[in-house]
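Breakdown of the fold
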Amino acid sequence: MRSHFRMALPALALLAACNSSGVSAQQSATPAATGDMPFNMTQVADFDTPWAMAFLPDGRMLVTEKAGKILLVSADGARQQTIATVDVAFQGQGGLLDVIPAPDFAKSHLVYYTYAEPRPEGSSLAMARATFVDGATPALTNLQVLWRAGADGKGGQFGAIIAFAPDGKSLFLTSGERQRFTPAQDPNQALGKILHLTLDGKPAPGNPWAGKTGTATVTVTDPPKNTEIAKTAPTRVQQVEGTNLVPAETWTLGHRNPYGLVFDTAGRLWENEMGPKGGDEINLIRKGQNYGWPNASNGDNYDGTPIPDHKAGDGYAAPAVFWNPSISPGGMIYYSGKLFPAWKGSLLVGALSGRGLIRVALDGDKANKAEQWDLNMRVRDVVQGPDGAVWLLEDAGKTNGRLFKLTPKR
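A quick note: this is a predicted structure, and the numbers were derived from the prediction, not measured.

As a further point, take the pattern of salt bridges. Taken as a whole and assessed by the stated rule, the structure comprises twelve salt bridges. Put simply, E117 and R148 hold a salt bridge, and the shortest N to O gap is 2.8 Å. With E117 in strand β9 (residues 110–119) and R148 in strand β11 (residues 139–148), this residue pair connects regions lying 31 residues apart in the sequence. By relative accessible area, which is 4% here, R148 ends up buried. Each member of the salt-bridge network shares a partner with another, and the members are D58, R60 and D134.

What follows is the structure, encoded as structure tokens:
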């Protein structure tokens, strides 16, 4: 596998509309790529604006489509069944986002997913879980919303990636700053953070700001002027019994739009995030650290406003690797399979504007750019299959996004 209740449950439809559709599986793909690729690419299926996928223990796949469907897909891609329909804010970067089975799925049958939830004042990132019921008409049942970001309003950049802790007893969740800049440095907002939660969505024990209710002191900068970002609706913080939970949930802060989150075999947590105009990052996530956004970045704002580069002594954790110009990192895995021995122990990163696949070599807590393959397609998600094959999910805008399986050249 790739690897806090705050309010009453919303009116969110989770319907087992088990529609099956045959697709042309295992079609040969000929992507327009440059350079010598050490793999063959085979198209397995296509979907309507897909965003994320994950494998179940039996080799079947879960795939999210941004408009609100969770699909159960056979291992060969030939059969697709809608097992849930979720009410989402499907606009721009919003919609149905990540999906991942619980670490104990074989016993609990639980599936976690994230989405942009429609709210009276815009939208908010939400995380929910449901129970997978198999059979002739498989479905997700017993919906439970576990967590909401609050700060309802406009903006994209939801983050929304879930990674379970190596012991399977807690989870980490990326929450983007929704194109609002300063919330990433605000201890009282869940935006622009990596959060550490129990499996029920509550603050996990041992978090760095546990017991603190907004007493942290941080420095923030105003967002650039003359941008749509500056026109977004005011934000607000959800409360439970008069106590602000955000500091107790927070693991790290100062993040922009984190789209990748994975543990390596040594238990280190790695994250990637989109920078502004340049400055895309891979970060080694350490408890309690501040990663700088919007006060430090190796890129500049889209309106031309400069941002101070990361530098020693600025109080912010510098990225392990950064890209300028941008590659727009999407999904990411830590590769541990046997099919590609040269990749073992590396990060594989999907590139959206970079239109390909990138390998980042790890050496302990160090990271270095290794290889980049131009596939002439926007890679939204990267997943390791049960046999060590690598699977790529295409982001294709309003057209069908393809699913590819990568296997070694012989």
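The rest of the description comes next.
A word on the nonpolar core. As a rule of thumb, nonpolar side chains are buried together in soluble globular proteins. Ranked by size, the top nonpolar core spans 41 residues in total, and within it Y112, M127, W147, I162, L171, F172 and L173 carry the most contacts. Looking at which element gives the most residues to this core, the answer is strand β12 (residues 159–164), with five residues. Counting residues in hydrophobic clusters, the runner-up holds 20 residues, among them V111, Y113, A126 and F132.

Taken in spatial order, the four strands make up an open sheet running β12-β13-β14-β15, and their pairing is antiparallel. Looking along the sheet, the strands with just one partner apiece sit at the ends: β12 and β15 (250–253). Along the sheet, successive strands turn relative to each other by an average axial angle of 20°, direction set aside. Looking at chain direction, strand β13 (residues 170–175) and strand β14 (residues 193–198) are connected through six bridges and run antiparallel. Note on β14: the bridge partner recorded for S175 is K193.

With that out of the way, let us pick up empty space enclosed by the protein. Of the volumes computed, that of the largest cavity is approximately 80 Å³. In terms of lining residues, the largest cavity is bounded by 13 residues, among which I161, Y259, G330, G331 and D381 are the most central. Going through the elements one at a time, β4 (50–55), β16 (257–263), β20 (329–334) and β24 (379–384) are the ones with two or more residues in the lining of the largest cavity. Its residues placed into classes, the lining of the largest cavity shows seven nonpolar, three polar and three charged. Quantified by volume, the second largest cavity comes out at close to 50 Å³. Along the walls of the second largest cavity sit G254, R256, E273, M274, G275, G279, E281, Y291, W293, A296 and S297, which together make up its complete lining. For the lining of the second largest cavity, the class distribution of residues is four nonpolar, four polar and three charged.

Conventions and cut-offs
Residues numbered from 1 in each chain as written. Predicted model: local features only at pLDDT ≥ 70, side-chain atom pairs only at ≥ 80, totals over all residues. Heavy atoms only, no water. Salt bridge = Lys/Arg side-chain N within 4 Å of Asp/Glu carboxyl O. Helix = DSSP H or I, 4+ residues; strand = E, 2+ residues; numbered from the N terminus. Buried < 20%, exposed > 50% of the residue type's maximum accessible area, 1.4 Å probe, protein only. Core = buried A, V, L, I, M, F, W, Y, C linked by side-chain atoms within 4.5 Å. Pairing = 2+ DSSP bridges. Axes fitted to C-alpha atoms, helices over the stretch in contact; angles between N-to-C directions. 1 Å grid on protein atoms, 1.4 Å probe; cavity = no way out; pocket = protein on both sides within 12 Å on 5 of 7 lines; lining within 4 Å. Points joined across faces, edges and corners; volume = space filled by probe spheres on them. Nonpolar A, V, L, I, M, F, W, Y, C, P; charged D, E, K, R; others polar.

Remember, this is a structural readout, not a statement about activity or role.
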